[in-house]
Amino acid sequence: MSSQPNAQRQVYLDHSATTPVRPEVLAAMLPYFAGKFGNASSVHRWGYAAREAINDAREKVASLIEASPNEIIFTSGGTEADNLAIRGIAHARKSKGNHLITSQIEHHAVLHTFEALQKEGFEVTFVPCDKYGLIDPDDVRRAIRKDTILVSIMHGQNEVGTVEPIKQIGEIAREHGVLFHTDAVQSAGKIPIDVKDMNVDLLTLSSHKIYGPKGVGALYVRRGVRLTPQVTGGAHERMRRAGTENVPGIIGFGEASRLAKAELPEEAERLSKLRDKLIEGLLREIPDVALNGHPVLRLPHNVNVSVKYLEGESILLNLDRMGVAASSGSACTSGSLEPSHVLLAMGLSHETAHGSLRFSLGMSNTEEDVDYVLEILPPIVGKLRAMSPLGPGSGL
Ligand SMILES: *Cc1c(COP(=O)(O)O)cnc(C)c1O
């Protein structure tokens, strides 16, 4: 293995931010940009071809989460699906109650939607998590009131990888007649999902986190659950989300879902081994490093550590110079001075939260990639700490 900066290795370890479109997916999409360009609502062969392809994709996406095809609404991505679930249920059930429950560690697509609903007059309870980022189902139970209409708790946490006890939370919600939504953008295709077994009423998916194209996602809505559309117009998606379908995007999402499901058991096993090798290596090779997130209840592709006395951002810049892509906190908060709301909710100090690094593994990664990170990161940390005013020798 080479450590010469010029014969540089490129190691992408930011798959929780986005993934490349895999070749099989791109090949499936291409015909739908030009040759098969029909509008799926049209009554002619161009339209029928698009309609049929969308139906086929809908089956594949449904199959990834053990749902029925008619329970899938295609959207412009995970963010829109989260918005549709939360606003759609809040608005549809307003007459039944005014109280909503979510957690402190949700993705901003969920968190900021609940904050907007607070401004509309809804009351929202944000349940906490423990030091591993784990949510206690009993906290959700205690938060439920007579006027609670929706609980939304994510499945796999995008920053620290903790897998939440969705099945138990869903059971509690169901016992109380409260609808339950989960954002499964990070867990889908990585760990098995069965919406019926998990007692879920609504579930969010995004294509570009599973090697599909950007700008397409889906919301699972259990049969019989009514929600208020948030995008109005034509009668698309069974009157739940208007707008001419993104046909190539949906086809790509379908193919990505099919491949993710077919490869899930082996790929999850492979990624978990790489994850554990990287975690063990980081803790062994670098002093004053702590794992963030749950040691066992963890997404197979997530590694998150805090490197004491340093800023995650400065480590990222040095990693990038060596060809390694990672992230600090969440991609949406990097660049801002506020540390991650997730790490703060887990009880980390501002300093420790600022020193967090996330490596998210994916299809292209190998053991050699992990070896490379373990080779270059300790000297980067050593060099930065030697220059840091917060260093272990500073007395701070
Ligand atoms: C990426 C992500 C989203 C947003 O999905 P987009 O398709 O990028 O809008 C929502 N929730 C989680 C947990 C994510 O990781």
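Structure first, text after, so check above.
Residues numbered from 1 in each chain as written. Predicted model: local features only at pLDDT ≥ 70, side-chain atom pairs only at ≥ 80, totals over all residues. Heavy atoms only, no water.

1. Examining the overall build of the protein
Defined as follows: Going along the chain from the N terminus, every DSSP run of H or I of four or more residues is numbered as a helix, and every run of E of two or more is numbered as a strand. Here's how the labels work: a residue is buried when its accessible area is under 20% of the maximum for its type, exposed when over 50%, partly exposed in between, all with a 1.4 Å probe on protein chains only. The contact rule is simple, with two residues in contact once any of their heavy atoms fall within 4.5 Å. Areas reported here follow the Shrake-Rupley algorithm with a probe of radius 1.4 Å; residue values treat only the protein chains shown as occluding.
Along the protein, the regular secondary structure elements total 12 helices and 12 strands. With respect to the three principal axes, the spread of C-alpha positions in the protein is 70 × 55 × 35 Å. Expressed as a percentage of its 396 residues, the buried residues of the protein come to 56%. Long-range pairs, those at least 24 residues apart, make up 74% of the contacts in the protein with a sequence separation of at least 6. On the protein, roughly 16700 Å² of surface is accessible, and the fraction owed to carbon and sulfur atoms is 54%.

2. Looking at the sheet that holds strand 4 (residues 123–127)
For clarity, the cut-off: Two strands pair if DSSP finds at least two bridges between them. Angular values range over 0 to 180 degrees, each being the angle between N-to-C directions of two axes fitted as lines to C-alpha atoms, with helices fitted over their stretch in contact.
In space, the 7 strands of this open sheet follow the order 2-8-7-6-5-3-4, with mixed pairing throughout. Looking at strand neighbours, the two that pair on one side only are strand 2 (72–75) and strand 4, the edges of this open sheet. Each adjacent strand pair in this sheet contributes to an overall mean axis angle of 20 degrees, direction not counted. As defined by bridge partners, strand 7 (residues 202–206) adjoins strand 8 (residues 217–221) across 5 bridges and the pair is classed as antiparallel. Residue pairing in the sheet places Leu205 in a bridge with Ala218 of strand 8. On top of the sheet, helix 6 (residues 166–175) reaches strand 5 (148–152) and strand 6 (179–183); it is set at about 160 degrees to strand 6, its chief contact.

3. What about a nonpolar patch on the surface?
Test applied: The patch calculation keeps residues exceeding 30% relative accessible area without a salt bridge and links them within 9 Å when they carry like charges or within 5 Å when they are nonpolar (Val, Leu, Ile, Met, Phe, Trp, Tyr). Take a side-chain nitrogen of Lys or Arg and a carboxyl oxygen of Asp or Glu: if they are within 4 Å of each other, that pair is a salt bridge.
A contiguous nonpolar patch, built from Val21, Leu26, Leu30 and Phe33 and spanning about 370 Å² of accessible area, is present on the exposed surface. In this structure, Leu26 sits in helix 1 (residues 23–29). Judged by relative accessible area, Leu26 falls into the partly exposed class, the value being 41%.

4. Quick word on the packing of aromatic side chains
Defined as follows: Side-chain rings of Phe, Tyr and Trp (the six-membered ring for Trp) are treated as a pair once their centres are within 6.5 Å; stacked means planes under 30 degrees apart, edge-to-face means over 60, and tilted covers the remaining angles.
Using the criterion set out here, one finds 1 aromatic pair in the structure. On the basis of an interplanar angle of 70 degrees and a centroid distance of 6.1 Å, the ring pair of Phe74 and Phe253 is categorised as edge-to-face. With Phe74 in strand 2 and Phe253 in helix 8 (residues 247–285), this residue pair connects regions lying 179 residues apart in the sequence.

5. Thoughts on the pattern of salt bridges
Under the criterion given, the structure shown has 26 salt bridges. Across the pair Asp369 and Arg9 runs a salt bridge whose closest N-O atoms are separated by 2.9 Å. Within this pair, whereas Asp369 is found in helix 12 (residues 367–387), its partner Arg9 is found in the segment before strand 1 (11–12), the two being separated by 360 residues in sequence. In this structure Arg9 comes out as partly exposed when scored by relative accessible area, which is 28%. The shortest N-O distance in the salt bridge between Lys277 and Glu367 comes to 3.2 Å. In this pair, Lys277 is assigned in helix 8 and Glu367 in helix 12, connecting sequence segments 90 residues apart. Its relative accessible area of 26% is what places Lys277 among the partly exposed residues. Sharing partners across several salt bridges, the network here consists of Asp56, Lys60, Glu255 and Arg258.

6. So, the pairing of strand 4
Note on strand geometry: in a regular strand, side chains alternate between the two faces of the sheet. The line we're drawing: The handedness rule is simple: strands pointing away from the viewer, and a clockwise path from the first strand over the helix to the second, make the crossover right-handed.
Summarising the sheet, strand 3 (residues 99–103) and strand 4 pair through 5 bridges and their orientation is parallel. Across the sheet, His99 pairs through a bridge with Glu123, a residue of strand 4. On the question of chirality, the crossover connecting strand 3 to the parallel strand 4 by way of helix 4 (residues 108–120) is right-handed.

7. Looking at empty space enclosed by the protein
The cut-off we apply is this: A cavity here means a set of 1 Å grid points, computed over protein atoms only, where a 1.4 Å probe fits but cannot escape. A pocket is an open set with protein on both sides within 12 Å along at least 5 of 7 lines, and lining residues have an atom within 4 Å of a point. Grid points are joined across faces, edges and corners, and a volume is the space filled by probe spheres set on the points. Polar here means any residue outside two lists: the nonpolar Ala, Val, Leu, Ile, Met, Phe, Trp, Tyr, Cys and Pro, and the charged Asp, Glu, Lys and Arg; Gly therefore counts as polar.
Counting across every chain of the model gives 1 cavity of 30 Å³ or more. Volume-wise, the largest cavity comes out at about 160 Å³. As for the largest cavity, its lining consists of 15 residues, of which Gly189, Lys190, Tyr211, Ala260 and Glu267 are closest to the centre. In terms of residue class, the lining of the largest cavity is made up of 10 nonpolar, 1 polar and 4 charged.

8. A look at the side chain of Asn365
Within the element layout of this structure, Asn365 appears in the loop between strand 12 (356–360) and helix 12. Apart from residues lying up to four places away in sequence, Asn365 is in contact with Val11, Tyr12, Leu13, His15, Arg270, Leu274 and Ser360.

9. Here's the deal with the site of the ligand
Definition in use: In these notes, residues near a molecule or strand are those with any non-hydrogen atom within 4 Å of it. Pairs of N or O atoms are called polar contacts if they sit within 3.5 Å, as long as, within protein, a hydrogen donor faces a hydrogen acceptor (for residues adjacent in sequence, only side-chain-to-side-chain pairs).
Close contacts around the ligand come from 13 residues, with Thr79, Asp183, Gln186, Ser206 and Lys209 the closest. Between the ligand and the protein, one listed contact pairs an oxygen atom with a side-chain N or O atom of Ser206 at 2.7 Å. Notes on the ligand: free accessible area 380 Å², of which the protein chains cover 87%. Sorting elements by how many residues they give to the shell around the ligand places helix 3 (residues 78–92) first, with 3 residues. Classifying every residue of the shell around the ligand by side-chain character gives 2 nonpolar, 8 polar and 3 charged.

By themselves, these are just geometric observations and shouldn't be taken as functional.
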